[in-house]
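Summary of structural features
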Amino acid sequence: MINSREFINKILRYWLTLEALTPQTADKAHPDDKLEPSYEINKEKGAMPWMEGHEHRRKQPRDQHQWHYIVQAGLYDIRIFYEKILYEIKSLIADNEREDDEYDRASGTGRLYDVEVDAEGRPIAETFALSMAGWAAGVILHQGVGALQQGTWCNLDGLPQPGREEIQRRSGVPGFDTLEVALRKELAERVRLLKKPVDKAWFDDFTRLVIRHCSLSEELLGTTPRYIVKSKQLKKVQKNSAFDQLRGRKRDQSLDQLDDQPHDHPHDQPRIASFSEVDHVADARPVDESLINSFYISDLHRIESSSYLGGDAFLSYFKRIMDQDSGERRIDLRSKEGEMEVVRLLHPRYFPQGSWPSDYSLVRSQQFAVNALWNHLTSKRGGLFAVNGPPGTGKTTLLRDIVAAVVVDRAKILSKYDDPRKIFLPKRKYDENEPPYYPIQHLDHAIVVASSNNGAVENVTLELPKTDAVANNFVNQAAYFQELATALLQSAEKQSSEKKKIAISLSKSFWKNVRLCSAPKSVPKPSV
């Protein structure tokens, strides 16, 4: 048995380094989009969308709306970015885990920072968000990989010094958090001195400042800094409205934190209603769609820097390597032994009791993955199971069968109760400000679809419930309890319109076999 703490920390440091060095790509320009056009600004003296001379000025927002902008600044070629740091991080990469040309496949356009701009062309300093990849690359190039793993280095020369109370250590990397706050303070001071809307030259100057404090070369930006500017329509707020006053108070509080000296705020004119802006003034974070850094890097740091090793699912990720005597090992399915394992798991006794009602059965590799996953996770308390495959190879189709298996397994448990009240545990509260809830015992069947890519989540959630994914001979049986539920609801509504009495009537009629109405003459047999 190897030292589990040392082993996990080694993996976590490797994982943290890769997360920190993974830049989020910039969006593509869509200037012809009628609702939310976006533009690439790449000329030396190119006009920004809020300025006269830009084509965007001809586009009128909807009634009672104004334009609001999100600037993705300091665009760079990700391939060039990786070429500069690849040599330095090779020492972290095990020969049997990753080839030297792994990063050669990386491509696209990265961005150095994001910031929102209001309808008058004034940056909203509180929404400034720095790319951790830019900071991490500078640390590695000038201080080495060890400094990145320590996470404390930052270059604050010439920047406002943030107070300890101002630094919100959300990333878990103190050096990065400190630099981000310092740059945000610098941006706020520059915005305070503005007397006209910012132009590209103004953004170029600030972008070069960010580049220098990330200890990167301006060559990364090319001949001139480039930007993607996304535009959105947000509703106007009338001056002195309750919401505007709330926004003003939050803005004033935030700016007072950024600058201890009192000053006039040049934001007295009516402005757009951005709920995200109010929130960001309060917590100094960008809008959700501007996700520019890893969303779980702080969790990795928390695990590495504490005695907490994570839950059962997390630990199972390391178990097979940590415990060499556990008897668990990897099997190459292409080998003769692997082929026998496939045959074993394709035996009917390993099939889940639920499957998706499709015209087509799963192919061999899909069914093997479903059986292996189901038996692995249901025979233990928690765990992780990865299924990898290129686009279009049937991962979503496979997922449908997993969902069906979970639904059937849940139904089996529910069917054992003769009274629904026995399913629920006594009510609990997360805290005094939250409404109570009733936990369900013996029913751990929640399904969460999560991804760093919103498009991937949408694809799964849109594909799963499609009727055309269900075989025709099952479609008519999909509403198995429709007649019964309708009859029960109609009967309950006749007795009382109060929700509580409706629920009681449903409970009695369904669970206690008390007939409040005539039952359907025929109920089709369900199929799963």
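Preceding this paragraph is the structure being described.
1. Focus on a nonpolar patch on the surface
Among the surface-exposed residues, F424, Y438 and I440 lie close enough to one another that they form a single nonpolar patch of about 310 Å² accessible area. With respect to the secondary-structure elements, Y438 resides in the loop between α13 (395–414) and α14 (454–463).

2. Looking at empty space enclosed by the protein
If a probe the size of a water molecule is rolled over the atoms, the empty space left behind becomes visible. Across all of its chains, the model carries two cavities of 30 Å³ or more by this definition. As a volume, the largest cavity reaches approximately 80 Å³. As for the largest cavity, its lining consists of R13, L16, T17, A20, M132, W135, L148, Q149, V173, I297 and H301. Among the elements of the structure, α1 (4–20), α3 (132–143), α4 (145–150) and α9 (297–304) are those that each provide at least two residues to the lining of the largest cavity. Ranked by residue count, the leading element in the lining of the largest cavity is α1, at four residues. For the lining of the largest cavity, a count of residues per class yields seven nonpolar, three polar and one charged. What the second largest cavity holds in volume is close to 30 Å³. Around the second largest cavity, the lining residues are E19, A20, T22, P23, Q24, S131, M132, A133, I292, N293 and S294. Within the residue set of the lining of the second largest cavity, elements represented by two or more residues are α1 and α3. Of the residues that constitute the lining of the second largest cavity, the class distribution is five nonpolar, five polar and one charged.

3. Re helix α6 (residues 200–213)
Taking 1.5 Å of rise per residue, the 14 residues of α6 would be expected to cover 20 Å, and the 20 Å separating its terminal C-alpha atoms lies within 8% of that figure. With ten of 14 residues buried, α6 is to be regarded as a mostly interior element. Tucked inside the fold, the buried residues of α6 contact β1 (38–41), β2 (65–73), β5 (113–117), β6 (123–130), α5 (174–192) and β7 (227–235). For α6, the capping residue at the N-terminal end is D199, with a side-chain oxygen 3.3 Å from the backbone nitrogen of A201. One or two steps after α6, the chain reaches S215, where phi turns positive at roughly 60°.

4. Side note on the pattern of salt bridges
Overall, the coordinates contain 16 salt bridges when judged by the stated rule. Its salt-bridge partner being R111, residue D114 comes within 2.8 Å of it at the nearest N-O pair. Residue classification places D114 among the buried positions, given a relative accessible area of 1%. Classification of R111 by relative accessible area gives buried; the value is 3%. Via salt bridges that share partners, E186, R190 and D205 belong to a single interconnected network.

Cut-offs and rules
Residues numbered from 1 in each chain as written. Predicted model: local features only at pLDDT ≥ 70, side-chain atom pairs only at ≥ 80, totals over all residues. Heavy atoms only, no water. Patch = residues over 30% accessible without salt bridge, like charges linked within 9 Å, V, L, I, M, F, W, Y side chains within 5 Å. Areas by Shrake-Rupley, 256 points an atom, 1.4 Å probe, with all protein chains shown as cover. Salt bridge = Lys/Arg side-chain N within 4 Å of Asp/Glu carboxyl O. Helix = DSSP H or I, 4+ residues; strand = E, 2+ residues; numbered from the N terminus. 1 Å grid on protein atoms, 1.4 Å probe; cavity = no way out; pocket = protein on both sides within 12 Å on 5 of 7 lines; lining within 4 Å. Points joined across faces, edges and corners; volume = space filled by probe spheres on them. Nonpolar A, V, L, I, M, F, W, Y, C, P; charged D, E, K, R; others polar. Expected span 1.5 Å × (residues − 1). Buried < 20%, exposed > 50% of the residue type's maximum accessible area, 1.4 Å probe, protein only. Contact = heavy atoms within 4.5 Å. Polar contact = N/O pair within 3.5 Å; in protein donor to acceptor, adjacent residues only side chain to side chain.

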